[in-house]
Protein chains: 2
Amino acid sequence: MIRVAVDAMGGDHAPSEIVKGAVSAVSKSKEIQVLLVGQKEAVSKELENHSYPKEQVEFIQASEVIETGESPVNAIRKKKDSSIVVGMNLVKSGEADAFVSAGSSGAILVGGQVIVGRLKGVERPPFGALIPTEKGVSLLLDCGANVDSRSSHLVQFARMGSIYMEHVIGINKPRVGIVNIGAEEEKGNSLVKETFPLLKACGDINFTGSIEAREIPHGGADVIVCEAFTGNVILKLYEGTGAVLVSMIKKGLMSSLRSKIGALLIKPALKDTLKAFDASQYGGAPMLGLKGLVVKTHGSAREQEVCNSILQCLTFKEQKINEKIKESLDAKEQAQENA
Amino acid sequence: MIRVAVDAMGGDHAPSEIVKGAVSAVSKSKEIQVLLVGQKEAVSKELENHSYPKEQVEFIQASEVIETGESPVNAIRKKKDSSIVVGMNLVKSGEADAFVSAGSSGAILVGGQVIVGRLKGVERPPFGALIPTEKGVSLLLDCGANVDSRSSHLVQFARMGSIYMEHVIGINKPRVGIVNIGAEEEKGNSLVKETFPLLKACGDINFTGSIEAREIPHGGADVIVCEAFTGNVILKLYEGTGAVLVSMIKKGLMSSLRSKIGALLIKPALKDTLKAFDASQYGGAPMLGLKGLVVKTHGSAREQEVCNSILQCLTFKEQKINEKIKESLDAKEQAQENA
């Protein structure tokens, strides 16, 4: 049994789609108990619309809401009764195993570090986003937590990402690539040049060298390591390019009678294809290296993505990802002391 | 009349597609004379396959070829009779107005600075790539020339890019955006935070603030400024995501008889749509801020892209872009001296 605190107030479609996602998750798994954190009236009104196993959904009151535009540090400090702060405190106290939110990234980031806290030895906890590729799915990290990272941070991202992909997603010896502007070792900016030999020297990961951005959608690496500015650009451009291409294709299909008829015929096949390239089916971005699990889903998340983000927590807990990250960091520390 | 030196030996499809592109360009414009630079036998064999106005195509011998894998600095220094060095020397001596190459980016970059030389006052000449958007086309710069740029470089990129978009592409008061991971001024890494107020203070450009990567394919800015690592990631991811989505859609369309019939019907409409999102129709990436014009086209460029890259030089020359860049920088210097 795992207890997942869910921010009922965060995201563009809160609370309705969040509640739907939570209900959907408990219907899919008997192993999950959801603690819906939010404003009583809004949440209970939504809950009334659904039937679900009552013992698997609990309501936790939080009177305040952190808005996207607020300063994250101030919001976390001052809005003690916000859904994000209350939810994270549930993780801190052990009342919940995980916290899922579609709310302010900044507040989740600050709250994760300040309230939930970092695992010993973790320098900077990254956001890891699962992105769809031609071959399946890759983990991109850091995709937004820490700008101006150092090389030692990137090495930890690679380690934590490998553990996640191996044990949560089930990829044997995940290939780790560092985002670069050419394939050769001497290419890159100073951060990449500094990080490359450090990754190469890691015995515990399957480092396969540089990955050019062009290769990311082809599935050129399972764990894609970069600093957060680059990662955020990749993640958002991925979404933007996909959305624009799809909308242009749809518009193109409406341009003549002939293409309109064709469009009707291809609709089911096209839908399946586009679904495979839709980030929402993979759930949210876990913040790795914290004492508990914090998952950030898209602000635009709807039922399915929220549900998948909650289900994802189950594998994370079952596979003891945090324990494995701790072991990996301890082993590294031990090796350094022995050296 | 403009004289364009063309590297007949550079790129994946040299010399055949390069020669085709050159022949196509002179057939389209009486104003262009092409100097085809390369190995005599290979080039003349290709030329024999085409009919074209002989007085508009001249052959210039260059016995060596710089390969993509070579160290750019060494290659430029040692291969004095390579098509890139010979072509750039034609620009330096004034025998050619421009040089177009699909060869090694690194060698073009080094050659541009060392042989053609920077305009007085230009700190770092960037590569500017034209990328397709939902609304038309945007200029992304720097997309690969200078890693680890400083804020003053980015300000110059913004100025030079604005001049290019206004006078070569014909966009009135082009909107300048800086690539960032959020819309607010306080967001970003240290480089962006430092550059933002400098751009805001520029009276001579239409700075519209931060642009998130998601907005780039929507045409959120006409001139998109960033340092080269980020720019290169954007450019390559753009190409990669487009290619993968299109190939997945094609595969999806072949999945059933119904969708196969539909695919036949939508083919013309789909082709038009995808063409609008195809970077090759916009020609190459000019290296801005040099004493002559140097244009880098994709290594994979074929006839049409080569042709467009050559035609683009005509507008560049007619619009006196370099003179305008010089004026802009001189005015800036003057203003600083007066202050």
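Calculation rules
As a convention, each chain's residues are numbered from 1 in the sequence order in which they are written. Ligands are numbered from 1 and chains lettered from A, in the order in which they are written. Local features in this predicted model are restricted to residues of pLDDT 70 or higher, and side-chain atom pairs are both shown and tallied only at a pLDDT of 80 or more, whereas totals for entire chains, interfaces and linings draw on every residue. Excluded from the side-chain calculations are hydrogens and water; all other atoms, namely the structure's heavy atoms, are used. Contact definition: two residues touch when any of their heavy atoms are within 4.5 Å. Buried area: the sum, over both parts, of the accessible surface (1.4 Å probe) that disappears when the two are put together. Only one rule defines a salt bridge in this text: a Lys or Arg side-chain nitrogen within 4 Å of an Asp or Glu carboxyl oxygen. Strands are runs of DSSP state E lasting at least 2 residues, helices are runs of H or I lasting at least 4, and numbering of each runs from the N terminus. The copies were overlaid by least squares, fitting only the C-alpha atoms of residues that reach a pLDDT of 70 or more in each copy. The pLDDT score gives, residue by residue, the confidence of the prediction method on a 0 to 100 scale. Partly exposed residues are those whose accessible area sits between 20% and 50% of the maximum for their type, while under 20% is buried and over 50% is exposed, using a 1.4 Å probe and protein chains only. Strand pairing is assigned whenever DSSP identifies at least 2 bridges connecting the two strands. The axes used here are C-alpha line fits, helices contributing only the stretch in contact, and every angle between their N-to-C directions lies in the interval 0 to 180 degrees. Think of a patch as exposed residues, more than 30% relative accessible area, with no salt bridge, where like charges cluster within 9 Å and nonpolar side chains (Val, Leu, Ile, Met, Phe, Trp, Tyr) cluster within 5 Å. Accessible areas in this description were obtained via Shrake-Rupley with a 1.4 Å probe; residue shielding takes into account the shown protein chains only. None of His or the chain ends enter the tally, which takes Lys and Arg as positive and Asp and Glu as negative. To locate a charge, take NZ of a lysine, CZ of an arginine, CG of an aspartate or CD of a glutamate. In these notes the angle categories are as follows: under 35 degrees is roughly parallel, over 145 is roughly antiparallel, 65 to 115 is roughly perpendicular, and the rest is oblique. Should the near helix be turned anticlockwise from the far one by less than a right angle, the crossing is termed left-handed; should it be turned clockwise, right-handed.

A. View of the interface of chain B and chain A. On the side of chain A, 52 residues touch chain B, which itself brings 52 residues to the contact. Both faces combined, the contact of chain B with chain A buries some 4900 Å², and carbon together with sulfur accounts for 75% of it. The largest per-residue losses of area from chain B upon contact with chain A belong to I181(B), F229(B) and L237(B), which jointly make up 14% of the total buried on that side. Joining chain B to chain A, the criterion identifies 4 salt bridges.

B. Structural context of unusual backbone geometry. Residues and elements named next belong to chain B. Note the cis peptide between A14 and P15, where omega equals -5°. With respect to the element layout, P15 can be found in the loop between β1 (2-7) and α1 (16-28). That bond from L141 to D142 is cis: its omega, 5°, falls within 30 degrees of zero. By the secondary structure assignment, D142 is in the loop between β6 (137-141) and α6 (151-169).

C. Quick look at the relation of the copies chain B and chain A. For the pair chain B and chain A, the best superposition has an RMSD of 0.1 Å and corresponds to a rotation of 180° with a translation of 0.0 Å parallel to the axis. Such a combination of turn and shift is consistent with a two-fold rotation axis. The position closest to the rotation axis in chain B is occupied by the C-alpha of G262(B), lying 1.9 Å away. When the interface residues of chain B are mapped onto chain A, 100% of them are again interface residues, pointing to one common binding face.

D. The arrangement of the side chain of Q312(B) in detail. Tracing the backbone through its elements, the reader meets Q312(B) in helix α10 (residues 303-318). Discounting chain neighbours no more than four positions away, the residues touching Q312(B) are L130(B), Y164(B), Y282(B), G283(B), G284(B), P286(B) and V295(B).

E. Focus on the confidence of the model for chain A. Averaged over all residues, the pLDDT of chain A is 90; the fraction at 70 or higher stands at 98%. Here the predicted complex scores 0.88 on pTM and 0.86 on ipTM.

F. Seen up close, the pattern of salt bridges. Summed over all chains, the structure comprises 18 salt bridges over all chains. For E212(A), the salt bridge is made with K236(B), and the minimal N-O distance between the two is 2.3 Å. A residue pair is termed interchain when its members come from two chains, as with E212(A) in strand β8 (residues 206-212) and K236(B) in helix α8 (residues 228-253). The exposure classification of E212(A) matches that of K236(B), with both residues buried. Through salt bridges that share partners, E17(A), K20(A) and R302(A) make up one connected network.

G. Quick look at the environment of G182(A). Residues and elements named next belong to chain A. In this structure, G182 sits in the loop between β7 (175-180) and α7 (190-200). In this structure the C-alpha to C-alpha distance between G182 and D148, which are 34 residues apart in sequence, comes to 21 Å. Not counting residues up to four positions away in its chain, the partners in contact with G182 are K187, S210 and E212.

H. Structural context of the sheet that holds strand β1 (residues 2-7) of chain A. Residue and element names in this part refer to chain A. Here 6 strands make up an open sheet; going across it, the order is β3-β2-β1-β4-β11-β10 and the pairing mixed. Looking at the sheet topology across the chains shown, the edges are occupied by β3 (57-61) and β10 (285-287). Looking at each pair of strands side by side, their axes are set apart by 25° on average, direction ignored. The pairing of strand β4 (residues 98-101) with strand β11 (residues 293-296) spans 4 bridges and is parallel. Paired with F99 across the bridge in β11 is V294. Sheet contacts for helix α4 (residues 83-92): β1, β2 (32-38), β3, β4 and β11; angle to β4, the most-contacted strand, approximately 160°.

I. Representation of the environment of D330(A) in the model. Residue and element names in this part refer to chain A. Inspection of the secondary structure puts D330 in helix α11 (residues 321-338). Since its relative accessible area comes to 38%, D330 is described here as partly exposed. D330 sits 69 residues away from I261 along the chain, and the two C-alpha atoms are 62 Å apart.

J. Geometry of a negative patch on the surface. Residue and element names in this part refer to chain A. On the surface, E323, E327, D330, E333 and E337 cluster together to form a negatively charged patch. By secondary structure assignment, the location of E327 is in helix α11. Judged by its relative accessible area of 54%, E327 falls in the exposed class.

K. Layout of the packing of α1(B) against helix α2 (residues 40-47) of chain B. Residues and elements named next belong to chain B. With their axes 9 Å apart at the nearest point, α1 and α2 run at an angle of 55° to one another. With respect to their mutual orientation, α1 and α2 come out oblique. Along this stretch, α1 crosses α2, giving a crossing that reads as right-handed. Contacts from S16, V19 and V23 of α1 reach α2 at V43, E46 and L47.

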